[in-house]
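Single-letter residue listing:
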Amino acid sequence: MIPENKKSLLVNFLLQVMFVGILLGLFRTAVPALSESIFNVPKNSFIFLSTFVIAFGLIKGVSNYYAGIFADKYDRKSVLLAGWVVALPVPFIIYFATSWYYIIAATFIIGINQGLTWSVTQISSVDITNKENRGFVVGLNEFSGYFGVAIGGILISYMTSLFPIKLALFIFSIIFILIALLYCLILIEDTKKYANISHNTDPKNIFLYVTWKNKKLFAYSQAGHIEKFIDTCIWIFFPIYLYSYDVTLLNISYIVGVYAFTWGVLQIFSGLYSDYIGRNLLIVLGMLICAITLPLCMLSLNISWWLTCSFFLGLGMALLYPSISSAVNDNCDDNWRASAIGIYRFWRDTGYATGALFIGIISSLYNIETAFIFVSVSMILSTLILILTLKKYG
């Protein structure tokens, strides 16, 4: 599965992506819920509030693309290190923030950090893995990242009860950025030399090839784009919706944490399972579970109900998420795999921007409940496109 002498490399990359997730947990839990009370966002300004996720999605998508290009052109470690260096101003921007525009700027930088670091940890993990076991390793990578998101959300919620809120955000973010940066500098080894680089001719326009010409890669890319609508709901609108009904920040962190923890842990098993039964069935099942569960959340404000729904949303994401990434890996040659993964992740993560824009508009014109239904319908339509495309070209 993974050569014995490379297992320590894999552990290092899993720890790196966990640090990435921990930092992201700050932005997924505390920042949306505190948008009105701390960062002066007017109540029910859903489109304005969505701007920080739109900024995140757009810049992370572009950063994913260039992470893949630079990882192929240069090496993996340099891109990873650059991702952590870029994040250094974030704690100071948050601490001195006097308006939501500061948070948009910080999120813009975090998008660059996430795009460069997470992409490279996954590319590097695949570099050192046999082709038939890539699903398992992608699942481990995603597990570690989203386990970090869950832990980060709970830690920052606890820290805000011990320190003034901005000080807690500052301490939390600076500590983990510095730990990750030093860890990368001292312990991470570049893995490009382990990739099975061949001298096959690359597609002339690899962006167009992944986006449209290769219909299987197109099908996976559009599914990755739309499934981010679910994550956008949970990132922005779960905290706002629940906080407006006087649910405590700690309970919100548990609800979001159950989703992230379930998503993270089960990806180990779904990634491994996809190596044996194939990717497509798990993708379709995951998409449908998420589409069905999201509208059901609104049936009750009982915390146990929301925890249950969060579990099923996490289950759906666990089935589809590593399976799509692994399917993209399956359909690439190693000499342009990093670039293709970067392009897929570009389309996947710009789904944050598209989702935040549409959900924000619908929530402003109607209400959050209607926006949740819109997301559910979008997931069903995307699943149909995936099934029909793979049936014709798969």
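Topic: the overall build of the protein
Each helix and strand counted, the protein has 14 helices and zero strands in total. The N-to-C order of helical and strand elements in the protein reads α-α-α-α-α-α-α-α-α-α-α-α-α-α. For a compact globule of 394 residues, the expected C-alpha radius of gyration is about 21 Å, and the protein comes in at 20 Å, within 12% of that figure. Each of the three principal axes of the protein carries a C-alpha extent, and together these read 60 × 45 × 35 Å.

Details of helix H3 (residues 76–86)
Turning to H3, its buried residues number three or more, namely Arg76, Val79, Leu80, Gly83 and Trp84. Each buried residue of H3 lies within a common arc of 135 degrees when the element is viewed along its axis, so the set occupies one face. Those residues of H3 hidden inside the fold are in contact with helix H1 (7–33), helix H2 (46–73), helix H5 (100–127), helix H7 (165–187) and helix H13 (334–365). The N-cap of H3, judged by a side-chain oxygen 3.3 Å from the amide nitrogen of Lys77 a few residues on, is Asp75.

Quick word on the confidence of the model for the protein
When pLDDT is averaged across the protein, the result is 92; 98% of the residues are at 70 or more. In the model of the protein, H1 stands out as the element of lowest mean pLDDT, 89, in contrast to helix H11 (residues 280–296), which has the highest, 98.

Some details on the environment of Thr383
Within the secondary structure, Thr383 is located in helix H14 (residues 368–393). Here Thr383 falls in the buried class, since its relative accessible area comes to 2%. If near-sequence neighbours (up to four positions away) are discounted, Thr383 is found in contact with Val284, Met287 and Leu288.

Quick look at the packing of aromatic side chains
Taken as a whole and assessed by the stated rule, the structure comprises 36 aromatic pairs. Relative to Tyr183, the ring of Phe19 has its centre 6.1 Å away and its plane inclined at 70 degrees; by these criteria the two rings are edge-to-face. Here Phe19, found in helix H1, pairs with Tyr183, found in helix H7; they are 164 residues apart in sequence, far enough to count as distant. In this pair, the class of Phe19 matches that of Tyr183, namely buried. Seen in terms of ring centroids, Phe172 and Phe176 are 5.3 Å apart; in terms of plane orientation they differ by 55 degrees. Their pairing is tilted. Of this pair, Phe172 and Phe176 both sit in helix H7, four residues apart, which is roughly one turn of the helix. The exposure class assigned to Phe172 is buried, which follows from its relative accessible area of 1%. Pairwise contacts between aromatic rings join Tyr65, Tyr66, Phe70, Tyr74, Phe207, Phe346 and Trp347 into one cluster. The ring of Trp212 is capped by Lys215, whose NZ or CZ atom sits 3.1 Å from the centre of that ring.

Calculation criteria
Residues numbered from 1 in each chain as written. Predicted model: local features only at pLDDT ≥ 70, side-chain atom pairs only at ≥ 80, totals over all residues. Heavy atoms only, no water. Helix = DSSP H or I, 4+ residues; strand = E, 2+ residues; numbered from the N terminus. Rg over C-alpha atoms; globule rule 2.2 N^0.38 Å. Buried < 20%, exposed > 50% of the residue type's maximum accessible area, 1.4 Å probe, protein only. Arc of directions from axis to C-beta. Contact = heavy atoms within 4.5 Å. Polar contact = N/O pair within 3.5 Å; in protein donor to acceptor, adjacent residues only side chain to side chain. pLDDT = per-residue confidence, 0-100. Phe/Tyr/Trp six-rings, centres within 6.5 Å; stacked < 30°, edge-to-face > 60°. Lys NZ or Arg CZ within 6 Å of the ring centre and 35° of its normal.

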